[in-house]
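Okay, here's what each chain looks like letter by letter:
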Protein chains: 2
Amino acid sequence: MTADPARRSERSRRAILDAALELLAETGYSDLTIEAIASRAGVGKQTIYRWWRGKGAIILDALIDATSSAEALVLPDTGDLEADLRTVMRATVAEFADPKLSATTRALTIETLNDEKLAEQVRDQLLRPQLDAVKKRLQAGPIRADVDLDQAVELLFGPLYHRWLLRTGPLTDEYADGVVQLAIAAITP
Amino acid sequence: MTADPARRSERSRRAILDAALELLAETGYSDLTIEAIASRAGVGKQTIYRWWRGKGAIILDALIDATSSAEALVLPDTGDLEADLRTVMRATVAEFADPKLSATTRALTIETLNDEKLAEQVRDQLLRPQLDAVKKRLQAGPIRADVDLDQAVELLFGPLYHRWLLRTGPLTDEYADGVVQLAIAAITP
């Protein structure tokens, strides 16, 4: 077969996601348009709208692609829970500190506040896998038997997210380490 | 003096804030307009723009007025830190659970993500007094001497905020109690 439709589709999909991330880096989220993405990717606008509801959904897919290929979403288990959590929390701080990634996440957050369906997609496809990876590392312990793992995960990410979104103070490695230290005191035997 | 300008100003200011909250309740944030607020308050649009930059700033002032008159922003100190924190965290859950208040906070959050100046005002005038009130109660203890109070406060509010904004799970009294229990384990001697 010289013109496999599935392969052609996958090539268009990749071209669209790549174009979206390139343009995002060049123009920022608010100036990003479907027209520009279509033109850069060499496809028609209708091709994009066949697969995505809007630019929020495209960027979400691009971010999912980027994060799931960059790391297998399995946390290291060195046997030292506090050290392993420090590693993942510092990585989160680094993501928030990256101006481009931070602007994109902020823009996506705005869209999710207006769009419940997109909010569910972000939660289930982007956020949940990251939270679950940390949950799995927590499960390996050592932690107290009565600790609710979902609460423990949000005890780690909640303060970072709060500080990032509400700019209540500097979001640094020291802050991440401090949150981990408190969480460790809360959940270990 | 029969026409004290300061008193007339204060009367207009009150009328505008009241009109804004009334209309917010009737139409929701996204349909709220400066025109409608001016008309309901019986003032000209230019009067509003003399004092506020936009509807986000008006709603912020109205919320500050409402919260600072409703409670003196001093937490109860019953001598039982865990019980006192449970009271304030459950009150926060109740605020998030109120559909109107939740929609307003969500809308204001969106505006702050687009408007750094408004973000600073929300943080310093609305958020900071609430966080400081909890900080003061924590200071009364009993807590460990090495605990960073700013971190401790965000260990409490961060998980609630995370769950509210990202809808990662049910935001209930039980969740609030669980967060408090973990935080108490983290910060008490």
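Definitions and cut-offs
Within each chain, residue numbers correspond to sequence positions counted from 1 in written order. Labels are handed out in written order, letters beginning with A for the chains and numbers beginning with 1 for the ligands. Side-chain atom pairs in this predicted model are given and counted only at pLDDT of 80 or more, local residue features only at pLDDT of at least 70, and totals for whole chains, interfaces and linings cover all residues. Note: side-chain values were computed over all heavy atoms of the structure, leaving out hydrogens and water. Only DSSP runs of H or I reaching four residues or more are called helices, and only runs of E reaching two or more are called strands; each is numbered from the N terminus. Burial classification: accessible surface area is computed with a 1.4 Å probe over protein chains only, and a residue below 20% of its type maximum counts as buried, one above 50% as exposed, and the rest as partly exposed. Contacts: residue pairs with any heavy atoms within 4.5 Å of one another. When two parts are put together, the accessible area they lose, computed with a 1.4 Å probe and summed over both, is reported as buried area. The salt bridge criterion pairs a side-chain nitrogen of Lys or Arg with a carboxyl oxygen of Asp or Glu, the two atoms within 4 Å. Here, nonpolar core refers to any group of buried Ala, Val, Leu, Ile, Met, Phe, Trp, Tyr and Cys residues whose side-chain atoms link them within 4.5 Å. UniProt positions are given in the numbering used here, feature names are shortened, and annotations may be inferred rather than shown by experiment.

Per an unreviewed UniProt entry, chain A is named TetR family transcriptional regulator, and its organism is Actinoplanes lutulentus.

Participant: Go over the side chain of Asp84(A) with me, naming the residues and quoting the values.
Facilitator: All names here are of chain A. Relative to the elements of secondary structure, Asp 84 occurs in helix 5 (residues 81-97). By relative accessible area, Asp 84 is classed as buried at 2%. Apart from residues lying up to four places away in sequence, Asp 84 is in contact with Pro 76, Asp 77, Thr 78, Gly 79 and Arg 137.

Participant: Go over the interface of chain A and chain B, please, and point to the residues and values.
Facilitator: Across the contact, 37 residues belong to chain A and 36 residues belong to chain B. Summed over both sides, the interface of chain A with chain B buries roughly 3,400 Å², with 65% coming from carbon and sulfur. Inspection of the chain A/chain B interface yields four salt bridges. We note a salt bridge from Arg163(A) to Glu154(B), for which the minimum N-O separation is 2.8 Å.

Participant: So, the nonpolar core: which residues are in play, and what are the values?
Facilitator: Leu85(A), Val134(A), Leu138(A), Leu85(B), Val134(B) and Leu138(B) are the most contacted members of the largest nonpolar core, which totals 71 residues. Those residues in contact with Val134(B) that sit more than four places away from it in its chain are Leu75(B), Leu85(B), Val88(B), Val153(B), Leu156(B) and Phe157(B).

Participant: Please give an account of the UniProt feature "DNA-binding region" (unreviewed entry) in chain A that cites residues and values.
Facilitator: The sites that carry the UniProt feature "DNA-binding region" (unreviewed entry) are, in the present numbering, residues 33-52 of chain A. Helix makes up 75% of residues 33-52 of chain A and strand makes up 0%, while its end C-alpha atoms are separated by 13 Å.

Participant: Could you give an account of the pattern of salt bridges, naming the residues involved and the relevant values?
Facilitator: Side-chain pairs of opposite charge can arise whenever the charged atoms involved come near each other. All names here are of chain A. Summed over the entire model, instances satisfying the criterion amount to 36 salt bridges over all chains. A salt bridge links Asp 124 to Arg 123; the shortest N-O distance between them is 3.0 Å. Note on Arg 123: relative accessible area 17%, which makes it buried. Here the salt bridges do not stand alone but share partners, grouping Glu 10, Arg 13, Arg 14, Asp 18 and Asp 65 into one network.

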